[in-house]
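Structural overview for review
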Amino acid sequence: MKTIFTADIGGTNSRFAAFRVDAKHHLSYIESKWLQTRDVRSFDELIDALAKSDFSITLPEADIAVFAVAGPVEGGTNSKPPNIPWEIDVSNARDDFGIANCRLINDFVAQAFACRSPIIESAQQVVPGRVELAAPLAVIGAGTGLGQAALVPLAGGGYKAIPSEGGHRSFPFESASEIEFMNFLLQETGEPYVRAETVVSGKGLSLVHQFLTGKRLVPAEIAAELTDESETLRWMARFYGRVSRNIALQILAFGGVYIAAGVAAKIPALISHREFAISFRRTTTMSHVLEKIPVYLITNEESGLWGAAMQGVQLLQRV
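Residues numbered from 1 in each chain as written. Predicted model: local features only at pLDDT ≥ 70, side-chain atom pairs only at ≥ 80, totals over all residues. Heavy atoms only, no water.

Examining the sheet that holds strand E3 (residues 27–36)
Note the threshold: Strands are treated as partners if at least two bridges between them are detected by DSSP. Each helix is a run of H or I in the DSSP string that is no shorter than four residues. Each strand is a run of E no shorter than two, and both are numbered from the N terminus. Between N-to-C directions, angles cover 0 to 180 degrees, with each direction set by a line fitted to C-alpha atoms, over the stretch in contact for helices. We call two residues in contact when some of their heavy atoms are within 4.5 Å.
Strand order in the open sheet formed by 5 strands is E3-E2-E1-E4-E8, with mixed pairing between adjacent strands. Edge positions in the sheet fall to E3 and strand E8 (102–106), since each has one partner strand and no second. Across the sheet, the mean angle from the axis of one strand to that of its neighbour is 15 degrees, orientation sign disregarded. Contacts between helix H3 (residues 107–114) and the sheet are confined to strand E1 (2–9), strand E4 (64–69) and E8, with E8 contributing the most and set at about 90 degrees to the helix.

Here we look at the packing of aromatic side chains
Defined as follows: Here is the rule: rings of Phe, Tyr and Trp (six-membered ring for Trp) pair when centre to centre is within 6.5 Å. Planes less than 30 degrees apart are stacked, more than 60 are edge-to-face, and the remainder are tilted. Exposure classes here rest on a 1.4 Å probe applied to the protein chains alone. A residue is buried below 20% of its type maximum, exposed above 50%, and partly exposed in between. Here, a charge over a ring means that NZ of Lys or CZ of Arg falls within 6 Å of the ring centre while also lying within 35 degrees of the ring normal.
Applying the stated criterion across every chain, the model contains 21 aromatic pairs. Ring centres 5.1 Å apart and planes at 80 degrees place the aromatic pair Phe171 and Phe239 in the edge-to-face group. Of this pair, Phe171 sits in the loop between strand E12 (159–164) and helix H4 (176–189) while Phe239 sits in helix H8 (residues 231–251), and the two are 68 residues apart along the sequence. Accessibility classification places Phe171 together with Phe239 in one group, the buried group. Taken together, the ring pairs connect Phe171, Phe173, Phe181, Phe184, Phe211, Trp235 and Phe239 into an aromatic cluster. Above the ring of Trp235, the side-chain terminus of Arg238 is found at 5.1 Å from the ring centroid.

A short note on the packing of helix H6 (residues 202–213) against H8
To keep things clear, this is the line we draw: Roughly parallel refers to an angle under 35 degrees, roughly antiparallel to one over 145, roughly perpendicular to one between 65 and 115, and oblique to any angle outside these ranges. Handedness of a crossing is defined here by the sense of rotation of the near helix relative to the far one, left-handed for an anticlockwise turn of less than a right angle and right-handed for a clockwise turn.
Contact pair H6 / H8: the axes reach a minimum separation of 9 Å and the direction vectors enclose 135 degrees. One way to sum up the angle between H6 and H8 is to call them oblique. Where H6 crosses over H8, the handedness of that crossing is right-handed. Where H6 abuts H8, its residues Gly204, Leu205, Val208, His209, Phe211, Leu212 and Thr213 lie against Glu231, Thr232, Trp235, Met236 and Phe239.

Side note on unusual backbone geometry
Despite not being glycine, His25 has its phi angle at roughly 70 degrees, a positive value. Relative to the assigned elements, His25 resides in the loop between strand E2 (13–21) and E3. Judged by relative accessible area, which is 41%, His25 ranks as partly exposed. One non-glycine residue, Leu252, lies in positive phi territory at about 50 degrees. With respect to the helices and strands, Leu252 occurs in the loop between H8 and strand E13 (257–260).

Focus: the packing of H8 against helix H11 (residues 274–281)
This is how it is decided: Residue polarity is assigned by list, with Asp, Glu, Lys and Arg as charged and Ala, Val, Leu, Ile, Met, Phe, Trp, Tyr, Cys and Pro as nonpolar; anything else, Gly included, falls into the polar class.
Where H8 meets H11, the closest approach of the two axes is 7 Å, and the angle between their N-to-C directions is 35 degrees. Pair H8 / H11 crosses with right-handed handedness. On the side of H8, the interface is formed by Arg234, Ala237, Arg238, Tyr240, Gly241, Arg242, Ser244, Arg245 and Ala248, while H11 contributes Glu275, Phe276, Ser279 and Phe280. In terms of residue class, the contact of H8 with H11 is made up of 5 nonpolar, 3 polar and 5 charged.

By themselves these figures say nothing about function.
What follows is the structure, encoded as structure tokens:
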């Protein structure tokens, strides 16, 4: 029996968990702990805050540690996350944290692995289709930013995750009213182009609502007044369906498209609304592809921890 220490470090929350893995590579959950990312000034301070909490497993007790972070990762050890005000470096983990076997991965690499973990059984299908287990899958999720990744089955067993920073690509606007919204966003944000994550993240919900109603509200306030007929909800569902469609076509995700927690967990109507499915299937050329691809909502908000643990199991197998 081995112990896997995992973390999912986002712009808002930093989640930690410990898992056991047996000789047959079966994964079992031990415990988890959530901390506020912006309550600390560095990664070292975050690890220190965890050590001072009631979390019972320490890093030196683990056989492997897998840290997922909301940003691009270099060499499996370094990251400068765009929505976190400090860097992460685990290149000297033995001396810094007392564990030699340590890996840093992108948070949506973890989410991709989670799509083949035990927690995926609780995922809710929101667009019908049929999963092909031997085909690539896509995972996407809007929260503080917009994460994306793909997971590809390997011929010899296991999986290869393909990270992405596609949330920073230009968002595809498709109508005159949407072009007006684009110009509004350029003025509001001061950015040279409108990124996809600016549109579909929590910040995007506030900006869409402001554009449509003139009201400046935080996402929680907007969520409290949304109905199926709300123009804000219709626009956001359409936008979320569009970015989901694009990644489905980009990688031919016959293994399914999975939407990770974040905004969709707090406002599930964003993807259960009819506008989401209409937008996801809207195409003049690829209907025969999109009609086969299902979309699921991952309801477990600790899915990133499970995915990091699945990556840990695969790494331990190689060792």
